[in-house]
Amino acid sequence: VQLVESGGGLVQAGGSLRLSCAASGRTFSRYGMGWFRQAPGKEREFVAAISWSGGITDYADSVKGRFTISGDNAKNTVNLQMNSLKPEDTAVYYCALRPGVVAGRKDVLYDYWGQGTQVTVSS
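Anyway, here's the lowdown on the structure attached to this text. (Residues numbered from 1 in each chain as written. Predicted model: local features only at pLDDT ≥ 70, side-chain atom pairs only at ≥ 80, totals over all residues. Heavy atoms only, no water.)

Below, the discussion takes up the packing of aromatic side chains. Taken as a whole and judged by the stated rule, the model has four aromatic pairs. Here the aromatic rings of Phe36 and Phe46 are separated by 5.8 Å at their centres, their planes lie at 75 degrees, and the arrangement is edge-to-face. Here Phe36 is found in strand β4 (residues 31-38), whereas its partner Phe46 is found in strand β5 (residues 45-50), with 10 residues between them in sequence. A relative accessible area of 2% means that Phe36 is categorised as buried. Ring geometry for Tyr110 and Trp113: centres 6.1 Å apart, planes at 65 degrees, overall edge-to-face. For Trp113, a relative accessible area of 25% translates into the label partly exposed. Taken together through their ring pairs, the aromatic side chains of Phe36, Phe46, Tyr110 and Trp113 make up a single cluster. In this structure, Arg44 is placed above the aromatic ring of Trp113, and the distance from its NZ or CZ to the ring centre is 3.9 Å. (Phe/Tyr/Trp six-rings, centres within 6.5 Å; stacked < 30°, edge-to-face > 60°. Helix = DSSP H or I, 4+ residues; strand = E, 2+ residues; numbered from the N terminus. Buried < 20%, exposed > 50% of the residue type's maximum accessible area, 1.4 Å probe, protein only. Lys NZ or Arg CZ within 6 Å of the ring centre and 35° of its normal.)

Dropping the structure here:
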């Protein structure tokens, strides 16, 4: 499975970015997907996740109300709409895939990872 993120970039505080992640290669009948991020000198942290059906989403407290995760199973893509961005959102953002119905907050649950896309929020 290959995961390719896109949509990162430089934005001013208060601005918006939309990240996308496209999955290709081996397919699964069901899978959950998540977004994680890693800032310089910090551990990778959970951002958001979505279940196969799209009916269950989960967000880190730090992004709740500002970020929205969505998926398109037909296109094997997952998106992360990021609004009201803050300098502390600056990080490399990774998408990840977990075969099965449910996603999750722990990175060890995910079997496949993209190479990441840089998001930089200036103050």
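Having seen the model, we can carry on.
Once that is clear, we can look at the side chain of Thr117. With respect to the secondary-structure elements, Thr117 resides in strand β11 (residues 117-122). According to the relative accessible area criterion, Thr117 is buried, its value standing at 12%. Among the polar contacts made by the side chain of Thr117, one reaches the main-chain amide nitrogen of Gly8 at a distance of 3.3 Å. Aside from chain neighbours lying at most four places away, what touches Thr117 is Glu5, Gly7, Gly8, Leu19, Ala91, Val92 and Tyr93. (Polar contact = N/O pair within 3.5 Å; in protein donor to acceptor, adjacent residues only side chain to side chain. Contact = heavy atoms within 4.5 Å.)

We now examine the pattern of salt bridges. Applying the stated criterion across every chain yields a total of six salt bridges. A salt bridge links Asp107 to Arg44; its shortest N-O distance comes to 3.3 Å. Taken together, the residues Asp107 in the loop between β9 (91-99) and β10 (112-113) and Arg44 in the loop between β4 and β5 connect sequence positions 63 residues apart. Taking the shortest distance from any N to any O, the salt bridge between Asp89 and Arg66 comes out at 2.8 Å. With Asp89 in the loop between β8 (77-82) and β9 and Arg66 in the loop between β6 (57-59) and β7 (67-72), this residue pair connects regions lying 23 residues apart in the sequence. Overall, Asp89 belongs to the buried group, its relative accessible area being 1%. A single network of salt bridges, built from pairs that share partners, joins Arg37, Glu45, Arg66 and Asp89. (Salt bridge = Lys/Arg side-chain N within 4 Å of Asp/Glu carboxyl O.)

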